[in-house]
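# Topology and contacts: notes
Listed below are the residues making up each chain.
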Amino acid sequence: MGQIKAVIYDCDGVIVNSDNAIISYYSWLAEKSGVEIPDWSDENFKRIVLSYTEDGIIEVISKGNQQIKEKIYNIIKNETYSAGFEDIILEDTLKSALDLLKERNILMAVDTNRGRSLSDLLTYFNIRQYFTCLITSRDVSEPKPSPEGVYKICDYYKIEPKEVLFLGDSMTDYHAAKQSGAFFLAYKNHLNNAPVISDHKDIIKYLY
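Now for a quick tour of the structure. (Residues numbered from 1 in each chain as written. Predicted model: local features only at pLDDT ≥ 70, side-chain atom pairs only at ≥ 80, totals over all residues. Heavy atoms only, no water.)

This brings us to the packing of helix α3 (residues 54–62) against helix α4 (residues 66–78). Between α3 and α4, the shortest axis-to-axis distance is 9 Å and the interhelical angle comes to 130°. Comparing their axes, α4 and α3 come out oblique. α4 is crossed by α3, and the crossing has right-handed handedness. Contacts from E54, D55, I58, E59, I61 and S62 of α3 reach α4 at I68, K69, I72, Y73 and I76. (Axes fitted to C-alpha atoms, helices over the stretch in contact; angles between N-to-C directions. Helix = DSSP H or I, 4+ residues; strand = E, 2+ residues; numbered from the N terminus. Parallel < 35°, antiparallel > 145°, perpendicular 65-115°, else oblique. Left-handed = near helix turned anticlockwise from the far one by under 90°. Contact = heavy atoms within 4.5 Å.)

Spelled out as structure tokens, the structure:
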């Protein structure tokens, strides 16, 4: 691994712990649309579905029924989910790590399968200013595990994937990084042979 010029963060599970908030939101959508609420007690199902894009989760909730999908999208467009970001928790030591990266002039970006809420979420936690490039599921034709988001970030910064460290917590992140040629570092999860950190500040050890 050569010198790292940029760090790409996944959002949910890495920047924030948002499982409870995501489950509450999509359970609300299911209830509002009159369909069965997913069985979130199935840990394998929950882990897989929470890595999906918004469209992917809606596909699961609607069981592929086009009429129900249209109803759900209409709810999203016209109704307000009152809980907002209150159930989301910022990961410990993240801000300290972002400050350390900033001191070293490391570029910081986000590549997430979350939708348009990303910028508002980062602003809510007062960390939006650290990230100079944001890629969501709405900014690519193929979201993760496709490497398209990584390539877009590299094009934006005019750097090569080999100069990028991707910090993620799922196999979708792992494959996006590996396919692009970026160095992958796992956060709180053992993914194949990737090195793992559980404290955000430890990312500094992998910059060179």
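Moving on, there is more to tell.
A few words on helix α8 (residues 171–180). Taken as a whole, α8 has its buried residues at T172, D173, Y174, A176, A177 and S180. Here the buried face of α8 lies against α7 (148–157), β6 (164–168) and β7 (183–187). Phi for G181, located one or two positions after α8, is positive at around 100°. (Buried < 20%, exposed > 50% of the residue type's maximum accessible area, 1.4 Å probe, protein only.)

Note: α-helices contain 3.6 residues per turn, so residues at a spacing of three or four share the same orientation. Compared with the 18 Å implied by 1.5 Å per residue over 13 residues, the 18 Å span of α4 between its first and last C-alpha is a close match. When α4 is considered as a whole, its buried residues turn out to be K69, I72 and I75. End-on, the buried residues of α4 take up no more than an arc of 120°, which puts them together on one face. Those residues of α4 that are exposed and angled more than 90 degrees off the buried face are Q67, K77 and N78. In this structure, the buried residues of α4 make contact with α1 (19–33) and α3. If you check the start of α4, you find a side-chain oxygen 2.9 Å away from the backbone N of Q67, and it comes from N65. (Expected span 1.5 Å × (residues − 1). Arc of directions from axis to C-beta. Polar contact = N/O pair within 3.5 Å; in protein donor to acceptor, adjacent residues only side chain to side chain.)

Purely geometric numbers; function is a separate question.
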